[in-house]
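Each chain is listed here by its residues.
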Amino acid sequence: MPLRSNSLRPAEAPPSDRWMLLAIGGFALAYFALHQVSYRLAVTDSRLHAIWPAGGVSLAALLLLPRRHWPGMLACIFGIGSTTGLIEGKPVPVAIGFMAANVAESAAAAWLLCRVCGPEIKFDRVRQVLLLVLAAAALNAAFAFVGGGIAAWLYGDALVLSW
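What you see is a predicted model; the values in this text were computed from it and never measured.

Help me understand the overall build of the protein chain in this model?
Tallying secondary structure elements over the protein chain gives six helices and zero strands in all. Sequence separation of 24 or more characterises 57% of the internal contacts of the protein chain that already satisfy a separation of 6 or more. Accessible surface computed for the protein chain: about 10200 Å², of which carbon and sulfur atoms make up 69%.

Quick question: what am I supposed to make of the pattern of salt bridges here?
Pairs can form between side chains of opposite charge once their charged atoms are near each other. Counted by the stated rule, this structure contains one salt bridge. Residue R40 pairs with E88 through a salt bridge whose shortest N-O separation is 3.0 Å. With R40 in helix α1 (residues 17–40) and E88 in the loop between α3 (70–87) and α4 (92–117), this residue pair connects regions lying 48 residues apart in the sequence. By relative accessible area, which is 16% here, E88 ends up buried.

Looking at this model, I keep getting lost on the nonpolar core. Mind explaining?
If you look at soluble globular proteins, the nonpolar side chains tend to sit buried side by side. Counting residues in each nonpolar core, the largest one holds 32 residues, and the members touching the most others are F27, Y31, L63, M73 and I77. Elements supplying a minimum of two residues to this core: α1, α2 (53–64), α3, α4 and α5 (126–155). For this core, the element with the highest residue contribution is α4, accounting for nine residues. Every residue in contact with F27, bar those within four places of it in the chain, is listed here: V57, S58, A61, M73, C76 and I77.

Got a minute to help me understand the side chain of T84 in this structure?
Note that T84 resides in helix α3. Here the side chain of T84 touches I80 through a polar contact of 2.8 Å, landing on its backbone oxygen. When residues no more than four places from it in sequence are discounted, the contact partners of T84 are F32, H35, Q36 and Y39.

Calculation rules
- Residues numbered from 1 in each chain as written.
- Predicted model: local features only at pLDDT ≥ 70, side-chain atom pairs only at ≥ 80, totals over all residues.
- Heavy atoms only, no water.
- Helix = DSSP H or I, 4+ residues; strand = E, 2+ residues; numbered from the N terminus.
- Contact = heavy atoms within 4.5 Å.
- Areas by Shrake-Rupley, 256 points an atom, 1.4 Å probe, with all protein chains shown as cover.
- Salt bridge = Lys/Arg side-chain N within 4 Å of Asp/Glu carboxyl O.
- Buried < 20%, exposed > 50% of the residue type's maximum accessible area, 1.4 Å probe, protein only.
- Core = buried A, V, L, I, M, F, W, Y, C linked by side-chain atoms within 4.5 Å.
- Polar contact = N/O pair within 3.5 Å; in protein donor to acceptor, adjacent residues only side chain to side chain.

Encoded structure:
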């Protein structure tokens, strides 16, 4: 390992692609499990979800990864979420539409947070925490409204009631 000129400790090497694949694989397993838990948290049988822990984990994963890995992570999130929706018995268009909205929401929130707070967010300042809350609330509402509106337009009110 190369040594830093002002220190006797070895320099930290950037994570290798192999490590990144292992990290994404571990995330994929955890994300799948959280999706299963999230479906169990539905309010009654209406399939409305007051909380969705998998969405927070997907945002955290994006914020922890370098931007060059975001497309792969977003594809992973979309694939796992769509598959889980199908396992739960959702029709294919509903599962894909639901995950398209979730992926867009996570990507938009991560982009906004990185744009305003910089690439290394530590949530050690009130501004960063407030922006996280605002991004989560506003973007979630916006994407849910647009996604629900498109679903109602394409599939009728019955889909919205089962969403």
